[in-house]
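Here's the letter readout for the chains.
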Amino acid sequence: MILAIDVSHRIGLMSLELEDGRILSLSSDKPREHLEFLQSGLVRLEAESGLKWASLKRTAVTLGPGSFTGLRVGLATLKGLIFGTDIPLLPLSSLSIPALAAGLDTPRVVIRRARIQTYWTGFFEPGESATQEEYLLEEADLLHRLATLRTARPGLIILGDAQDALGELDLQPEPGRDRQIAALAELAKGNRGLVSDADLDLLLP
C-alpha cells in the first residue's frame, strides 16, 4: 500500500493505493481543519482498506510550497505513523500535483498565492512532473517572468487561483480534486528522494 497526503493548500487530499491498484481517496476544503481531516481520514482509510498501516510499502507527503501550518501537520502526521519502522517517506512538491493533473503534453506554470501580492510559482517542461524552477515572487517579478516564458514556450498553460490580482494573465483553474488525487497517487510512486526512518528528523516543511 502507498499512502500519500497533501494539506499544503486550501483543499486537503489523501490517497491510499492498494496492492490491486485500487485507490481509496478523501478530500477536504476546510484548510483550518486539516489536522482533523488527517486524523479522521486515516481512521476511515484504514477501515475501508481492511488492512493495518504496518502493511504500507511507502508514504508520501508534500513539503511545500504552501501553508507552513498545513505542511508541518502533514509531515508530523506521517512521521508519527511510520516512526520506528522501515517504511520510507517520499517528499513531494505541492505544485507538482496540479501540474501533473493538467497533463504532460504542454509546458505549464502553476501559481499559488503566498501572501498579498506574492506568489509561489513553478514551471514544468512538457513530459515532466518535476518542476524545472520554483520561486517565491512579487507580483511585478511574476508578471515579467511569465511574459518571458510565454515568449519562449508556445502553448504555455498557466494554472492558478489568483484571478483577482492576475486576471490579465487568463489563468486556467487548477484541475478538480479527483484529478489531483489521481496525480498525488501517481507522484507517490516515484523513487527519487525516498527518506528512511533514520533520516526522517532531517525533513522540514
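First, a word on scope: everything that follows refers to the structure included in this document. (Residues numbered from 1 in each chain as written. Predicted model: local features only at pLDDT ≥ 70, side-chain atom pairs only at ≥ 80, totals over all residues. Heavy atoms only, no water.)

Taken together, the four strands give an open sheet; going across it, the order is S8-S7-S6-S9, and neighbouring strands pair in mixed fashion. Single-partner strands in this sheet number two, and they are strand S8 (133-138) and strand S9 (157-160). Taking each pair of neighbouring strands and ignoring which way they run, the sheet shows an average axis angle of 25 degrees. As defined by bridge partners, strand S6 (residues 108-115) adjoins S9 across four bridges and the pair is classed as parallel. For Ile111, the partnering residue across the bridge sits in S9 and is Gly160. Strand contacts of helix H4 (residues 139-152): S6, strand S7 (118-124), S8 and S9, with the helix running at about 135 degrees to S8, the strand carrying the most contacts. (Pairing = 2+ DSSP bridges. Helix = DSSP H or I, 4+ residues; strand = E, 2+ residues; numbered from the N terminus. Axes fitted to C-alpha atoms, helices over the stretch in contact; angles between N-to-C directions. Contact = heavy atoms within 4.5 Å.)

If you walk across this open sheet you meet the five strands as S3-S2-S1-S4-S5, and the pairing is mixed. The two strands at the open ends of the sheet, each matched to only one other strand, are strand S3 (23-28) and strand S5 (89-92). Averaged over all adjacent pairs, the angle separating strand axes in this sheet is 10 degrees, with direction ignored. As paired elements, strand S1 (residues 2-6) and strand S2 (residues 12-17) share five bridges and run antiparallel to each other.

All right, on to the pairing of S3 then. Here S3 shows one buried face, formed by Leu24, Leu26 and Ser28, and one open face, formed by Ile23, Ser25 and Ser27. In this structure, S2 lies alongside S3, joined through six bridges in antiparallel fashion. Residue pairing across strands places Glu17 opposite Ile23, the latter belonging to S3. Two successive antiparallel strands, S2 and S3, enclose a turn made up of five residues, where Gly21 displays a positive phi of approximately 95 degrees. (Buried < 20%, exposed > 50% of the residue type's maximum accessible area, 1.4 Å probe, protein only.)

Counting buried positions along S7 gives six out of seven residues, so the element sits mostly inside the fold. Alignment of S6 against S7, held across seven bridges, turns out to be antiparallel. Looking at S7, one finds that Arg113 is bridged to Tyr119. Linking S6 back to S7 in an antiparallel pair, the connection comprises two residues, with Gln117 at a positive phi of about 60 degrees. Bridging between S7 and S8 involves six bridges; their strand directions are antiparallel. Residue Gly122 lies in a different strand from S8, and its bridge partner there is Glu134.

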